[in-house]
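Structural overview for review
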Amino acid sequence: MGSQASSITALPAAASLAAAPAQATPSTDAPAKPKPCCVCKDEKAKRDDCMLFSKSDDPQKDCVSTIDQYRACMAGFGFKV
C-alpha cells in the first residue's frame with residue numbers, strides 16, 4: 001500500500017477566538033437603577049427593629065412613622081413599596 005498522509009484537524013487559533021464578538025451589556029444613557037436591597041438600609045433597619053420589638057398589639061400602627069420614612073426613601077429611588 002502507499003504512504004498514507006495523516007490528517008491534522010486544525011483548532012481555531014486564539015486570535016480568531018478573541019476576534020469573536022463578546023456579549024456586551026446594553027448601554028443606555030440613563031443611569032442604572034440600584035437594586036432595592038442596596039438602598040435605604042438605615043430606614044429599613046429602623047423599620048424592622050420597630051416592627052420586631054414593638055410591644056404594641058398592632059406594630060404596624062405603632063411604627064407608622066418609620067414605615068412612612070422607609071416608603072418615602074424607596075420612592076426617591078423609584079420603587080413602590
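This is a predicted model, so every value here is computed, not measured.

Two numbers describe how helix H2 (residues 41–53) lies on helix H4 (residues 64–76): the axes approach to 9 Å, and their chain directions differ by 155°. Overall, the two elements H2 and H4 adopt an arrangement that is roughly antiparallel. Relative to H4, the crossing made by H2 is left-handed. Here Glu43, Lys44, Arg47, Cys50 and Met51 of H2 come into contact with H4, specifically with Thr66, Ile67, Gln69, Tyr70 and Cys73. Its residues assigned to classes, the contact of H2 with H4 comprises five nonpolar, two polar and three charged.

Here we take up the environment of cysteine 63. Positionally, cysteine 63 belongs in the loop between helix H3 (59–62) and H4. Classification of cysteine 63 as buried rests on a relative accessible area of 0%. Expressed as a C-alpha distance, the spacing of cysteine 63 and methionine 51, which sit 12 residues apart in the sequence, is 6.5 Å. Beyond its immediate chain neighbours, meaning those up to four positions away, cysteine 63 contacts Cys50, Met51 and Ser54.

For the rest of this paragraph, the subject is the side chain of serine 54. Topologically, serine 54 is positioned in the loop between H2 and H3. Beyond its immediate stretch of four places on either side in the chain, serine 54 contacts Asp49, Pro59, Asp62 and Cys63.

What follows concerns the packing of aromatic side chains. Tallied over the full model, the rule gives zero aromatic pairs. Against the face of phenylalanine 79 rests lysine 33, its NZ or CZ located 4.4 Å from the ring centre. Positioned over the ring face of tyrosine 70 is arginine 47, at 4.3 Å from the centre of the ring.

Here the focus is the nonpolar core. Of all hydrophobic cores here, the largest spans six residues; its members are Val39, Cys40, Tyr70, Cys73, Met74 and Phe79. Excluding residues within four positions of it along the chain, tyrosine 70 makes contact with Cys40, Glu43, Lys44, Arg47 and Val81.

Next up on the list: the environment of alanine 72. Tracing the chain through its elements places alanine 72 in helix H4. You can call alanine 72 exposed: its relative accessible area is 51%. Between the alpha carbons of alanine 72 and cysteine 40 there is a distance of 9.6 Å; along the sequence they are 32 residues apart.

Cut-off values and rules
- Residue positions within a chain follow its written sequence, with the count starting from 1.
- Reporting of local features is limited, given that this is a predicted model, to residues whose pLDDT is at least 70; pairs of side-chain atoms are given and counted only at 80 or more, and all residues count toward the totals for whole chains, interfaces and linings.
- By convention in this description, side-chain values take in all heavy atoms of the structure and omit both hydrogens and water.
- Convention adopted: a line fitted to C-alpha atoms gives each axis, helices being fitted over their contacting stretch, and angles between N-to-C directions are expressed from 0 to 180 degrees.
- Labels follow the DSSP assignment, with helices taken as runs of H or I lasting at least four residues and strands as runs of E lasting at least two, numbered in each case from the N terminus.
- Comment on the angle field: the value is read as roughly parallel under 35 degrees, roughly antiparallel over 145, roughly perpendicular from 65 to 115, and oblique elsewhere.
- Left-handed describes a crossing whose near helix is turned anticlockwise from the far helix by less than a right angle; the clockwise case is right-handed.
- Every residue pair with non-hydrogen atoms within 4.5 Å of one another is taken to be in contact.
- When residues are sorted by character, Ala, Val, Leu, Ile, Met, Phe, Trp, Tyr, Cys and Pro go into the nonpolar class, Asp, Glu, Lys and Arg into the charged class, and all the rest, Gly among them, into the polar class.
- The cut-offs for exposure are 20% and 50% of the maximum accessible area for each residue type, with area from a 1.4 Å probe on protein chains only; residues under the lower value are buried, those over the upper are exposed, and the others partly exposed.
- Aromatic pairs are defined between Phe, Tyr and Trp rings, using the six-membered ring for Trp, whenever the two ring centres lie within 6.5 Å; interplanar angles under 30 degrees are classed as stacked, those over 60 as edge-to-face, and all others as tilted.
- To sit over a ring, a charge needs its Lys NZ or Arg CZ within 6 Å of the ring centre and within 35 degrees of the ring normal.
- Working definition of a nonpolar core: buried Ala, Val, Leu, Ile, Met, Phe, Trp, Tyr and Cys residues. They are joined through side-chain atoms within 4.5 Å.

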